[in-house]
Amino acid sequence: MSSVVGAEQDATIAVVIPARNEVDNIPYVIEHARPYADDLLVVDGHSTDGTAERARELGARVVLDNRIGKGDAVRIGIREAKGEIVVFIDADCSHNPHDIPAVVEPILEGRAEHVTASRMLGGSEELHGDLGKFVRMVGSDIITLGINYRYGVALTDSQNGFRALRIDVARALDLRETITTIEQEMIIKTLALGYRVVEVPAREAVRRSGVSSISVSRVAHRYVYSWLKYLVTRPPPPGGRGRSYQPYQNRHPWWADPPPTRAQVLEFRRVRGARGRRRNERGSGDTAPMVDSKPVDTPGRGFPATSRSSHPASLRVLTGCDQDTSRG
Ligand SMILES: Nc1nc2c(ncn2[C@@H]2O[C@H](COP(=O)(O)OP(=O)(O)O)[C@@H](O)[C@H]2O)c(=O)[nH]1
Ligand SMILES: [Mg+2]
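This structure is a prediction, so every number in the text was calculated from the model and none was measured.

Definitions and limits used
Residues numbered from 1 in each chain as written. Chains lettered and ligands numbered in written order. Predicted model: local features only at pLDDT ≥ 70, side-chain atom pairs only at ≥ 80, totals over all residues. Helix = DSSP H or I, 4+ residues; strand = E, 2+ residues; numbered from the N terminus. Buried ≥ 20, exposed ≤ 12 C-beta atoms within 10 Å, placed from the backbone. Near = placed C-beta within 6 Å. Nonpolar A, V, L, I, M, F, W, Y, C, P; charged D, E, K, R; others polar. Pairing = 2+ DSSP bridges. Axes fitted to C-alpha atoms, helices over the stretch in contact; angles between N-to-C directions. Core = buried A, V, L, I, M, F, W, Y, C linked by C-beta atoms within 7 Å. Contact = placed C-beta atoms within 7 Å. Right-handed = clockwise from strand over helix to strand, strands pointing away. Parallel < 35°, antiparallel > 145°, perpendicular 65-115°, else oblique. pLDDT = per-residue confidence, 0-100.

Right, let's get into the overall build of the chain. The helix and strand inventory of the chain stands at 11 helices and seven strands. When each of the 328 residues of the chain is scored for burial, the buried share is 39%.

What follows is about the site of ligand 1. Taken together, 20 residues lie around ligand 1, and Pro-18, Gly-45, Ala-73, Ala-91 and Ser-212 are the ones closest in. Residue composition of the shell around ligand 1, grouped by class: six nonpolar, six polar and eight charged.

Attention shifts here to the pairing of strand 7 (residues 197-201). Taken across its five residues, strand 7 has five buried, putting it largely inside the fold. Of the two faces of strand 7, both are covered, the one formed by Val-197, Glu-199 and Pro-201 as well as the one formed by Val-198 and Val-200. The pairing of strand 5 (residues 114-118) with strand 7 spans five bridges and is parallel. What sits directly across from Ser-118, in strand 7, is Pro-201.

This part covers the sheet that holds strand 7. Strand order in this open sheet of seven strands is 3-2-1-4-6-5-7, and the pairing throughout is mixed. Looking at strand neighbours, the two that pair on one side only are strand 3 (61-64) and strand 7, the edges of this open sheet. The average undirected angle you get between the axes of adjacent strands in this sheet is 20 degrees. Relative to strand 6 (residues 163-166), strand 5 is paired through three bridges, and the arrangement is antiparallel. Residue Val-115 lies in a different strand from strand 6, and its bridge partner there is Ala-164.

This part takes up the nonpolar core. If you look at the biggest cluster of nonpolar residues, it comprises 63 residues, and the most contacted ones within it are Val-15, Val-16, Val-86, Val-87, Val-103 and Val-104. Excluding its chain neighbours within four sequence positions, the residues that come into contact with Val-16 are Leu-41, Val-43, Gly-77, Ala-81, Val-86, Val-87 and Phe-88.

By the bridge criterion, four bridges tie strand 2 (residues 39-44) to strand 3 in an arrangement that is parallel. In the sheet register, Val-42 faces strand 3, and the bridge partner there is Val-62. Following the chain from strand 2 across helix 2 (residues 51-57) to the adjacent parallel strand 3, one finds a crossover that is right-handed.

This next bit is on the packing of helix 8 (residues 182-192) against helix 9 (residues 216-233). At a minimum axis distance of 10 Å, the contact between helix 8 and helix 9 shows a crossing angle of 10 degrees. When the axis of helix 8 is compared with that of helix 9, the two are roughly parallel. Between helix 8 and helix 9, the contacting residues are Gln-184, Glu-185, Ile-188 and Lys-189 on the first element and Ser-226, Trp-227, Tyr-230 and Leu-231 on the second. Its residues assigned to classes, the contact of helix 8 with helix 9 comprises four nonpolar, two polar and two charged.

Another point: helix 3 (residues 70-80). For helix 3, a buried count of eight out of 11 residues is recorded, marking the element as mostly surrounded by other parts of the structure. All of the buried residues in helix 3 are Lys-70, Gly-71, Asp-72, Ala-73, Val-74, Arg-75, Gly-77 and Ile-78.

Below, the discussion takes up the packing of helix 6 (residues 131-151) against helix 9. Relative placement of two packed helices is described by the angle separating their axes and the distance separating the axes. Contact geometry for helix 6 and helix 9: axes closest at 11 Å, N-to-C directions at 5 degrees. By the angle class used here, helix 6 and helix 9 are roughly parallel. Between helix 6 and helix 9, the residues in contact are Gly-132, Val-135, Arg-136, Gly-139, Ile-143, Gly-146 and Arg-150 and Val-216, Ala-220, Tyr-223, Trp-227 and Leu-231, respectively. Broken down by class, the residue content of the contact of helix 6 with helix 9 amounts to seven nonpolar, three polar and two charged.

What follows covers the environment of Arg-54. Its location among the elements puts Arg-54 in helix 2. Judged by C-beta crowding, with 21 C-beta atoms within 10 Å, Arg-54 ranks as buried. Along the sequence, Arg-54 and Ile-26 sit 28 residues apart, while their C-alpha atoms lie 8.1 Å from each other. Residues within four places of Arg-54 in sequence aside, it is in contact with Val-23, Ile-26 and Pro-27.

A few words on the confidence of the model for the chain. Interpreting fine coordinate detail is not advised for predicted regions of low pLDDT. Across the chain, the average pLDDT comes to 84, with 79% of residues at 70 or higher. Per-residue pLDDT stays below 50 along residues 1-8; that stretch engages in 22 contacts with residues further than four places along the chain or on separate chains. Between residues 285-328, whose pLDDT stays under 50, and residues either more than four places distant or in other chains, the model counts 65 contacts.

Right, let's get into the environment of Tyr-28. Inspection of the secondary structure puts Tyr-28 in helix 1 (residues 26-33). Taking C-alpha positions, Tyr-28 is 8.9 Å from Asp-92, a pair spaced 64 residues apart along the chain. Apart from the residues within four sequence positions on either side, Tyr-28 is in contact with Cys-93 and Arg-208.

As a further point, take helix 4 (residues 100-108). Where burial is concerned, most of helix 4 is hidden: nine out of the nine residues are buried. Buried within helix 4 we find Ile-100, Pro-101, Ala-102, Val-103, Val-104, Glu-105, Pro-106, Ile-107 and Leu-108. Buried positions along helix 4 lie against strand 1 (13-19), helix 1, strand 4 (85-88), strand 5, strand 6 and strand 7. Positive backbone phi, at 75 degrees, marks Gly-110, one or two positions downstream of helix 4.

Our next topic: unusual backbone geometry. Most peptide bonds adopt trans geometry, and most residues besides glycine take a negative phi value. The residue Arg-67 is not glycine, and still its phi comes out positive at about 60 degrees. Of note, Arg-67 is situated in the loop between strand 3 and helix 3. Positive phi, normally seen in glycine, also occurs at Cys-93, with a value near 70 degrees. Mapped onto the secondary structure, Cys-93 falls in the loop between strand 4 and helix 4.

Here is the structure:
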């Protein structure tokens, strides 16, 4: 039985990975998801690149879908999963398996029956940057908006493939979609039955290798059709509009952290200074000197623009901006 960090209660967890032609990516997902899974199930879409064999070698259980799309794979995953909670995570390394504890936590705490990881709260590299991504983001937002008005909730992401459900609830949804429209179907039917949906922020990375198999222009009409169909035919539960939603509240905001001590800031500047000097001495010439000797309490001076990853560890631990707030 998995022991999930921060959980008040233990439950068995089945991690289901729908995969089609992900042989280069799936080893990462399997290895990193394994510690959280009592049952690690890959639902293979008849991959031709050896995904299923690779997954088996790595110790995952593998079942085949019916070649009709990811929604079918999700339905098979729900049927076959051996766990009290089922977690869906994509095989393309877009989702971080180490977010699984945060995604199951509201269920373990008894606050939700269905938890969806939100890319709008956590950030996405797959929803910004070109026209195709823009269309996906706006389409997704419009669908989410419709769901919010119909059920009196305030979700931010109805389309993410990274989610967790109590297995009995997942089985009660009677899912019908065969393609990725299953994500919105799961949300709508959960709300219509009066179960609680909670979102947690999770970052979506760009897929590690390969290309997405989803063509927005080819399936847009199916999204609109299934969205309207379920909104119309699945009214909110009597007296339940809005009751089944608990807005995400950041339980560990960055401003709750103490600011770094003067000694830590000086250490940060010393390390950056040394690195900056070395770089300049090497004559890489790619950046301006990384630090100067101005006193630390001169506001806005002397701090180089740095990425998260370039913070020295000592400061990273103590600056709230670098905390992973999704874990409460
Ligand atoms: N089993 C199965 N998995 C699929 C199918 N289509 C896509 N997937 C998987 O579903 C996940 C999401 O697909 P992806 O192409 O990344 O879509 P995107 O993230 O929406 O661009 C990935 O893990 C795919 O390998 C399918 O027909 N069957
Ligand atoms: Mg993807």
